[in-house]
Amino acid sequence: MPGMIAFGRRWGIASDDLVFSGSFELFVRVLWWIWTLALYTLHKGKFDCSGGRVLHSYLVVLLVLLAFIILSLCAIVYVSAQGTITNPGPRRSIPVLVYVRAMLYVPELIWAILGAIWVSDDSRGCEPAEVGAVIAAVVASWILLLSTGVGVLFVFDPLGSRLPGPPSQEQLGVRDLESSEGSQLLSTARSVAVRVWESRLRLLCCCLPQDESHRAAFSSIAQLVSGFFSDTDLVPSDIAVGLALLHQEQDKKEQCRDPDEVLSHSPSSPIAEDLEAELEKAAHCMQFAIAAYDCYTSNLTCKTQSAEYDIVGGDNMGCHFSSILHSTGLQYRDFIYVSFHNQIYEIPFFVALDHKREAVLVAIRGTLSLRDLLTDLSADCENLPVEGVSGTCYAHKGMSQAAGYIYKKLLNDGILNQAFTIAPEYKLVITGHSLGGGTASLLAILLRSSFPTLQCYAFSPPGGLMSKALAEYSKDFVVSVVLGKDLVPRLSYPNMEDLKRRILKMVSNCNKPKYRILLQGCWYELFGGDPDDFPTEMDRREEELSQPLLGEETLLIRGSSSYQSLASEDSPVHCAHLPLYLPGRILHITEDGPSRRSCFSQVRYRAEWSSETAFRSVLISPRMIADHMPDAVLRSLHSMTQDRPFNLCPSSLSNSHLNVI
């Protein structure tokens, strides 16, 4: 639901977010009250030392003050647990209770100061045990007060005092901005939001140089992030609830899906491709994609590198590459060029001779630094004209510029010429994982005209990478390998808009208090269970409602793209951002068998050719991050190519024009 309004501003928490924080503080306060009472009882009548009367008064007042605080916390926890996310009526007294609780911080602060003064000045002549007990009480008071201050900083919304909306509607979270005045207020709020996010990024990246390229990246990322959240009125816990419910809903649909259901499609690439051979090549190239990470970590211990960290040749590296040589089967002399240079839009890579596959191999490193993360988040579209490609050509800005940087290094510095002078009969192969995979795909497109036989293997590339025309063009020479429910290949602005819309539907149609959903969601993630045990459809019986329900539209700015997309479950998301797609043909690797299994059970994999339509929505799962890790991708490929504990789906063997859903 919308953020709580208190002290004349909107906060980053809702009125039903105080259950867990209030319960924790209540638990601490009760223990503290019991301990203080025991201390007072044990030392009652023994306060005859100098300053003993002050000690007696301190403990008595502390007991009374803690009792009032405990009562206020009980009321806050009880009221905050009432109602549902979209039925805030039973919680309308929360702001008043918060004011009462805030007022109690004043005498608590004063008493903590007085306790500190007594310990430092008036404790002479008293028993060490009594003084130690008071010191512990004073320290506990200050710890709780400082913790409260940190908590306030966490839930403070810098835009809380600037959110537009008629006062009569704020209580329901409705922000009707269809009028010209509302549009002007919205524009002002968005510009402020951009500045706030820019400040956050500068603070987060304070160790990076604040040059023009970094400032441009900060501005681009700030506009992207602030624009994505600007038309919602949700707090972080609402998003957590939506994700928990959406995961259960997706699991429910997956259990009910017919395993034999298929969707026909006609890929432009040859459909008689040998899947097993592609798996062998992918497993081999994945070793080099991981070696690109190893090169950088090896360099971290080297002290003899040049300022630019570029190394030409393989016999004078000065670094300990034993793990890289072991994983790739290369020798020192096989490395043609290794670059450790890392700036925004400029990522490390190496060029080596792969004698086993007779290839000049370019391996590009994935995300491993803060600069790489800025390159990832520079997700605006940038024109990428390619000769011979019909249709609009554009791509992810950060990776497009990274590909352009490596392209210039390879050609202008004569790196590829040197490699092909040594091995003129070899072919060019480009590979990378994550950021490296996306950059490798775009680099392959740029080099395609000069090297018509090149191949590219992109592992876990981002979904929002290139235009439809470039994606179709790359199917002749790019293979994207995606493992399971990996989040990154499903990341694109339309997919995130769709995820936001689905979260809003889940939150607005929920019939349980937020704290129960979060507890049950944690239980489900840790121990599993039946998704049917967690209903998400609201039983809209008016007699049970003390206030009209908040619908999806009340959590959005009217007239926004997300607001307009709520008409139906399948309505398209109208997004101002251009659609971007995965590169090339998509080789999807999934676990065969139940989604939940013992940690010690053997995992079996299956592989199949898929299409971009299978990656048009984000799948919520505990595996969505783990499946992106390079070691997990390599393990799955080795499992299928070496041990063979997997089943090739029938459609991949006999009917390769079918795509198993």
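All values reported here derive from a predicted model rather than from experimental measurement. (Residues numbered from 1 in each chain as written. Predicted model: local features only at pLDDT ≥ 70, side-chain atom pairs only at ≥ 80, totals over all residues. Heavy atoms only, no water.)

Draft legend 1. The packing of helix α8 (residues 236–256) against helix α16 (residues 493–508), seen in detail. Where α8 contacts α16, the two axes come as close as 8 Å, and the packing angle between them is 90 degrees. Of the possible angle classes, the one that applies to α8 and α16 is roughly perpendicular. Residues D238, I239, G242, L243, L245, L246 and E249 of α8 form the contact with α16, whose participating residues are L499, R502, I503, M506 and V507. Along the lines of polarity and charge, the residues of the contact of α8 with α16 split into 8 nonpolar, 1 polar and 3 charged. (Axes fitted to C-alpha atoms, helices over the stretch in contact; angles between N-to-C directions. Helix = DSSP H or I, 4+ residues; strand = E, 2+ residues; numbered from the N terminus. Parallel < 35°, antiparallel > 145°, perpendicular 65-115°, else oblique. Contact = heavy atoms within 4.5 Å. Nonpolar A, V, L, I, M, F, W, Y, C, P; charged D, E, K, R; others polar.)

Draft legend 2. Expanded view of the UniProt feature "transmembrane region" (unreviewed entry) in the protein chain. Annotation from UniProt places "transmembrane region" (unreviewed entry) at residues 26–43, 55–78, 98–119 and 131–156. Overall, residues 55–78 shows 100% helix and 0% strand. The separation of its end C-alpha atoms is 34 Å. Across residues 98–119, the secondary structure splits into 100% helix and 0% strand, with the terminal C-alpha atoms separated by 31 Å. (UniProt positions renumbered as here; feature names shortened; annotations may be inferred.)

Draft legend 3. Representation of α8 in the model. Under the 1.5 Å per step criterion, the end-to-end length of α8 is 31 Å for 21 residues, consistent within 8% with the ideal 30 Å. Where α8 is concerned, the buried positions are S237, D238, V241, G242, A244, L245, L246, H247, Q248, E249, Q250 and D251. Buried-residue contacts for α8 involve α16 and α17 (514–527). (Expected span 1.5 Å × (residues − 1). Buried < 20%, exposed > 50% of the residue type's maximum accessible area, 1.4 Å probe, protein only.)

Draft legend 4. Summary view of the packing of aromatic side chains. Counted according to the given criterion, the structure contains 5 aromatic pairs. Ring geometry for F7 against Y99: centres 4.9 Å apart, planes inclined by 75 degrees, an arrangement best described as edge-to-face. With F7 in the loop between β1 (5–6) and β2 (9–10) and Y99 in helix α3 (residues 94–121), this pair connects stretches of sequence that are 92 residues apart. Exposure remark for Y99: the relative accessible area of 33% places this residue in the partly exposed category. For the ring pair F335 and F350, a centre distance of 5.5 Å and an interplane angle of 55 degrees mean the geometry is tilted. Of this pair, F335 sits in strand β5 (residues 335–339) while F350 sits in strand β6 (residues 349–354), and the two are 15 residues apart along the sequence. The residues F335 and F350 share a single accessibility class, namely buried. Its guanidinium or amino end placed over the ring of Y581, K468 lies 5.1 Å from that ring's centre, counting from NZ or CZ. (Phe/Tyr/Trp six-rings, centres within 6.5 Å; stacked < 30°, edge-to-face > 60°. Lys NZ or Arg CZ within 6 Å of the ring centre and 35° of its normal.)

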